[in-house]
Amino acid sequence: GEGEGEGEGEGEGGADDAEGDVGGDEAVADPVGDGFGEDTVLEPTADDLAEDADADADIDAGVGDEADAVDMYAGAGPRDLPDGGPMGGGGSVRVAALAASERRRFEEVAAAAAAAAAAARDGGAWLSIERQWARRKAEAEDSFFGRMTPLAYATVQGWLAPPEGDMSARVTLVTQCSLDRLPRLRATLEAWRGPASVAVYIDAPRGSAAAAEREAALAQERRHLPAAVHTQLSISLLYARGGGMAEGDAEPGSAEEYDNLYPINALRNLAAGEARTELVFLLDVDFVPSAGLLRELQQQRPALLDTLAASRTALVVPAFEVDAAAPMPRVQSSLSALLRRGAASSFHEAHFRHGHGPTDAARWATASAPYEVAFEEYYEPYIIASRAWLPKYDERFRGYGMNKVQHLRAVAAAGARFVVLPLHFAAAHEHAKSAAWTRTLGPAAHPMHKMRIAALYARFKADAPPLPPPPPPHTRAPL
């Protein structure tokens, strides 16, 4: 803001002084010797002050649109129960929410980064100014937020695995959960009735007595599953990191607290790596697939599965959220009835419509054949695709917010076509916000976590390959 104001003042004042010099007889003071005389001091107008305030707000956010996206995401999820959470889109992530000392510290490291970049430029550094600035900016962010890197976890791949044998199914459902979500996992698996790879978070260090207790509880839960489910189920474990600062001892908003958040993308990668089929259905554990989804794909749409296996095509399974008091819809006609009476809606529709809006639920409701849609920023559908080309999830994202948005953007950058599956869907009942949401974006969460996630997403986008241009609508061939 200040730089803009000074530039405008100098330009306007210089022009006025030059005109005065040409038209008048009196000598004009020229202390600089540039032929333009003294600069005229211009008082800022109300518009100037408003522009400066807006510019300062953008600088404070540090990440532009990503900050607003994270703020909207804070209100997103299965429909809000009266848990006191934000409804989304009502504010913005600003450093002003932090303590004054933290704001000053951020300004200091940002100024140091700018000075270093300027020094490198003036010294004729071989790196381009853009690359140099990006590196200095990352250093400043790491100094402020703590280094944002993937973490190492103790894991057990295939802790419980199905017997070796013929794998006639072509698609594996891939998901992850914590122990408190096991009842929801059971509902998901019973509806899917096919191969599944699940990564479960054990919130205790591997080898501890607490971890052993949780493993025993998990093994008991598996025995309650129908045989048709548990004989096709692979469970892998990821343990809490030991030796670091205890969860409750970390300073609020600190890098140590962030590192203790739910390692959602590390879990997703673990589960995907244990899938036994080439095609995977990437789904969150709260969602229940519609009845007969796998059967229809394999028996009635084998050519579609062939296309998925042979190309960079992501098959979108539309996602919906359902009132807690309403029955879980199992077929499209039941879901349509709930939609008509307002007891169901497209997922995230009220809070974060970017997430599933491009799926076009209205078109899906009458479609009989798959149709292609264009990728848009923040689109995060649940997809079926080939592991041969799918990118891994970025494990720097922990807790809640932008972790799946990041992955779908990477999928799009890899050249994927997004094709919507008609007739079938996945649905989730409304429920209270998860512990991950509460600790990352909830009312009592430290605002540093929102800022950290926004900065991380901005860094991810800066490092990622550009998105390919969407194909014109008339060139999108049906499958």
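Going by the structure above, here's the rest.
Residues numbered from 1 in each chain as written. Predicted model: local features only at pLDDT ≥ 70, side-chain atom pairs only at ≥ 80, totals over all residues. Heavy atoms only, no water.

Section: the sheet that holds strand S6 (residues 288-289)
Taken together, the four strands give an open sheet; going across it, the order is S6-S13-S8-S9, and neighbouring strands pair in mixed fashion. Each edge of the open sheet carries a strand with a single partner, namely S6 and strand S9 (344-346). Bridging between S6 and strand S13 (residues 426-429) involves two bridges; their strand directions are antiparallel. By the bridge assignment for S13, Val-288 is matched with Ala-427. (Pairing = 2+ DSSP bridges. Helix = DSSP H or I, 4+ residues; strand = E, 2+ residues; numbered from the N terminus.)

Some thoughts on unusual backbone geometry
Most of the time, phi is negative for any residue but glycine, and the peptide bond is trans. Its identity as a non-glycine residue notwithstanding, Arg-193 has a phi of 50°, on the positive side. Mapped onto the secondary structure, Arg-193 falls in the loop between helix H6 (182-192) and strand S3 (196-202). For Leu-423, which is not a glycine, the phi torsion comes out positive at approximately 75°. Inspection of the secondary structure puts Leu-423 in the loop between strand S12 (417-420) and S13. Leu-423 gets classed as partly exposed once you look at its relative accessible area, which sits at 35%. (Buried < 20%, exposed > 50% of the residue type's maximum accessible area, 1.4 Å probe, protein only.)

Remarks on the environment of Ala-191
By secondary structure assignment, the location of Ala-191 is in helix H6. A sequence separation of 139 residues divides Ala-191 from Arg-330, and the C-alpha atoms of the two residues are 8.7 Å apart.

Topic: the pairing of strand S8 (residues 319-322)
With burial as the criterion, each face of S8 is covered, one bearing Ala-319 and Glu-321 and the other bearing Phe-320 and Val-322. Here three bridges tie S8 to S9, and the two strands are oriented antiparallel to one another. The partner of Phe-320 across the bridge, within S9, is Ser-346.

Quick notes on the sheet that holds strand S2 (residues 171-178)
Pairing within the open sheet is mixed, and its nine strands lie in the order S1-S4-S3-S2-S5-S11-S7-S12-S10. With one partner strand each, in any of the chains shown, strand S1 (155-160) and strand S10 (371-373) form the two edges of the open sheet. Neighbour to neighbour, the strand axes of the sheet diverge by 30° on average, direction disregarded. Inspection of the sheet shows S3 paired to strand S4 (residues 233-239) by seven bridges, in the parallel sense. Residue pairing in the sheet places Val-200 in a bridge with Leu-237 of S4. Lying on the sheet, H6 is in contact with S2, S3, S4 and strand S5 (279-282); it crosses S2 at an angle near 170°. (Axes fitted to C-alpha atoms, helices over the stretch in contact; angles between N-to-C directions. Contact = heavy atoms within 4.5 Å.)

Function-wise, these values are silent; they only describe arrangement.
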